Amino acid sequence: MEPLDFVTRSTEELLFFLHRKKTEISCIEQPHRFLTQLRDHDLVPEKLFENVKKKRSREQKEKIVYEVLDWVEKNKPQYIHQFWRCVFEDHILKFYPPLCMLRTKLLDGTFKFDEKHPDVETPEVEEESKGKAEKGKEKNYKRKRSSEDNDDLDPSSASTPSRKKPGKKPSFSSLVKKGDKQEIWKWPIYKTQLPVTCGDKEGTLFRDKLSRGEKCILSQERWFTPNDFEKFAGKEKCKNWKLSICCRNTPLKKLIEEEHLQCPPMEIKKTTCVQKDMKKLFPVSSSESSSEDSEKSAGSVEESDAENFQEQGGREEGTEFRGRVEEEEDRADLSVFQAPFLPITCVSLTGTLYKYRFATGIFGKCIRTEERWFTPEEFVKQEPTLTDGHWMKDILCHGKTLNFLIKKKILCIHLPLCECQNCTIKKEDLMAQNNDDVCFICDSEGDLVCCDECPRAFHSHCHLPAVPEESPGEWICTFCVLRTSQQWLDSRNMSEQEALNAPVSQYRLHCHYLLLCVYREDIQKVFVKDPRQTVPRYSEFISQPMWLDRIKQKLESGEYQTMGAFVSDFQLLFSNCRTFNRIFLFSCSLKDNVFGQMGARLKKIFEEEFKKIFCIG
């Protein structure tokens, strides 16, 4: 595989990279081999190459190499891909280590192609550039993903839709759009409350409750004080909520200092019991006592300042604080990072990072959201408030940056010449990275059918309806078909009785969706098969058994006429589970009701999903 096959950059971006790195390349030692490589590929005119031979001093060689690179940029822009292909060949990289560093910058996304540079053109050149721009308006210096119009979907079947795979960019809801000011605490809509984050936890801060010293942060339907929210987010080691809790990446400390937020008046606790006893034994004069009081008050202020991390020593304390942070990083609990996949955030975005898929910033789609898989660099670009974000410092996992995870060798960056499946740019391998590597229902590998609308993949027999072995065209799963159909159809709110009386023939898609949800959540496959074949003494306690495969078979054979009959069998399944586990455990004098808890959890999920898809208030 040729080295440049790893560089998926446009012609304009590679020219811009050369323009920025000409001086750096011209400083390489012994440039003769480098220039010979360019000449062998007809990228340097013979006359210019001969001039290099005449130069003796290092300064003269640097100057002529720069002239060669400048000539390539101006006269051979159409061959820029061939130029970098020559530069990044193995025998050249081994001889010139600085070129390896340049290649790494292209691969890991550390070089910013979209940075703005000052306009230094003269008026004459400016006019020429304007003329060229008018002639070539069709050129675009930013890569765009094309999106195609979608054909109509049949909401009654998941296997019939046929539509081209969209390259659309997933949308993430955010009140702040790109280019807007981030000082949202000044906006009228945030007059009473603010969105806040601490580590990977998100919440809403109520200003009036903060000023009164009450529990003021609401997160995951729970109220917290700032200190408790800091502990809830796993940042208790900071011991300073004003720095660890942020609003749009701005610590609350700054908002308090600028009087955008008000804290309750701080109570100064005095611990003077011993001193009072000493006064009784050794009386002091009034002047001495006043001086002692002043010292106490000063001491209490110092304690309160230290408690709230006020700056008491400028740069010295800043240095000490940084030292403490480094020590805390060394003592950080790495056990939370040992799982094969990790929860991550980037300001308002959330996702899951799968370590085995990670390669570099621009290779290896390792971050999964509900919409699709991303490389780290792609994921950061989805956040509208980050105009100059970088994946190493802006993606957080348990409050730590990905750079921290790389330093601790929790994540390993692949080498520039890596040819593994994560680093490849072969079309079939890139397509495979767009979907999960295991079945969404049974969580196992095998021959999978990939949805063209979401990251999910399925075994053909696990999906409902089953996917034909020779399914023509593109394919969309039941989850996406139901979501899309509900967006297109004018779904009105229904009462629970209306939903139960609805005919199954009109809501077969909903039945498939509910069955798939329960199949997926039954991780240990306890409710899939006939319990009489697998559970001892089951028939002694349960006279009318029910299981998921039986419900699936009855649905496919058309035995259900109404949604009520379909739901009734699910209720029977959950009721049997509760009854058997209660009686059986009592007869055996056991207390651990694990399977009963599993049944209760599945019952709750089923009822929530049923109300959601039928819009039951």
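As the structure is a computational prediction, the values presented were derived from the model and not from experiment.

Draft legend 1. Quick peek at the pattern of salt bridges. Overall, the coordinates contain 21 salt bridges when judged by the stated rule. With a shortest N-O distance of 3.8 Å, D208 and R212 are connected by a salt bridge. A single salt-bridge network, built from bridges that share partners, covers K22, D70, E73 and K74.

Draft legend 2. Quick look at the environment of Q433. Summarising the element assignment, Q433 is placed in the loop between α19 (427-432) and β13 (449-450). According to the relative accessible area criterion, Q433 is buried, its value standing at 7%. Sequence separation between Q433 and C366 is 67 residues; the distance between their C-alpha atoms is 8.4 Å. Apart from residues no more than four positions distant in its own chain, Q433 is found in contact with R357, G364, K365, W373, Q421 and N422.

Draft legend 3. Spatial organisation of the packing of helix α22 (residues 508-521) against helix α27 (residues 594-613). The N-to-C vectors of α22 and α27 enclose an angle of 155 degrees; their axes lie 10 Å apart at closest approach. Taken together, the axes of α22 and α27 are roughly antiparallel relative to one another. Two packed elements cross with a definite hand, and for α22 against α27 that hand is right-handed. Where α22 approaches α27, its residues H510, Y513, L514, C517, V518 and E521 are matched on the opposing element by R601, L602, I605, F606, E609, F610, K612 and I613. Looking at the contact of α22 with α27, its residues break down into nine nonpolar, one polar and four charged.

Draft legend 4. A look at the packing of aromatic side chains. For the structure on display, the rule yields 29 aromatic pairs. Considering the side-chain rings of F224 and F232, the 4.6 Å spacing of their centres and the 25 degrees angle between planes classify their relative orientation as stacked. We classify F232 as partly exposed; its relative accessible area is 23%. Seen in terms of ring centroids, F440 and F479 are 5.3 Å apart; in terms of plane orientation they differ by 80 degrees. Their pairing is edge-to-face. One end of the pair, F440, is in the loop between α19 and β13; the other, F479, is in helix α20 (residues 478-488), with 39 residues separating them in the sequence. The pair F440 / F479 is uniform in exposure class, with both members buried. Put simply, the rings of Y507, Y560, F566, F570, F574, F606, F610 and F614 pair up and form one aromatic cluster. Its guanidinium or amino end placed over the ring of W373, R357 lies 3.7 Å from that ring's centre, counting from NZ or CZ.

Draft legend 5. How the structure looks around the side chain of T424. Take T424: it is sitting in the loop between α18 (402-407) and α19. A relative accessible area of 4% means that T424 is categorised as buried. Separated by 3.1 Å, the side chain of T424 and the backbone nitrogen of K426 make a polar contact.

Draft legend 6. Representation of the pairing of strand β1 (residues 193-198) in the model. Across the two faces of β1 the burial differs, with L194, V196 and C198 buried and Q193, P195 and T197 not buried at all. By the bridge criterion, six bridges tie β1 to strand β2 (residues 201-206) in an arrangement that is antiparallel. Note on β2: the bridge partner recorded for C198 is K201. If you look at the hairpin formed by β1 and β2, you'll find two residues sitting between the two strands, and G199 has a positive phi there, around 65 degrees.

The rules behind these values
Residues numbered from 1 in each chain as written. Predicted model: local features only at pLDDT ≥ 70, side-chain atom pairs only at ≥ 80, totals over all residues. Heavy atoms only, no water. Salt bridge = Lys/Arg side-chain N within 4 Å of Asp/Glu carboxyl O. Helix = DSSP H or I, 4+ residues; strand = E, 2+ residues; numbered from the N terminus. Buried < 20%, exposed > 50% of the residue type's maximum accessible area, 1.4 Å probe, protein only. Contact = heavy atoms within 4.5 Å. Axes fitted to C-alpha atoms, helices over the stretch in contact; angles between N-to-C directions. Parallel < 35°, antiparallel > 145°, perpendicular 65-115°, else oblique. Left-handed = near helix turned anticlockwise from the far one by under 90°. Nonpolar A, V, L, I, M, F, W, Y, C, P; charged D, E, K, R; others polar. Phe/Tyr/Trp six-rings, centres within 6.5 Å; stacked < 30°, edge-to-face > 60°. Lys NZ or Arg CZ within 6 Å of the ring centre and 35° of its normal. Polar contact = N/O pair within 3.5 Å; in protein donor to acceptor, adjacent residues only side chain to side chain. Pairing = 2+ DSSP bridges.

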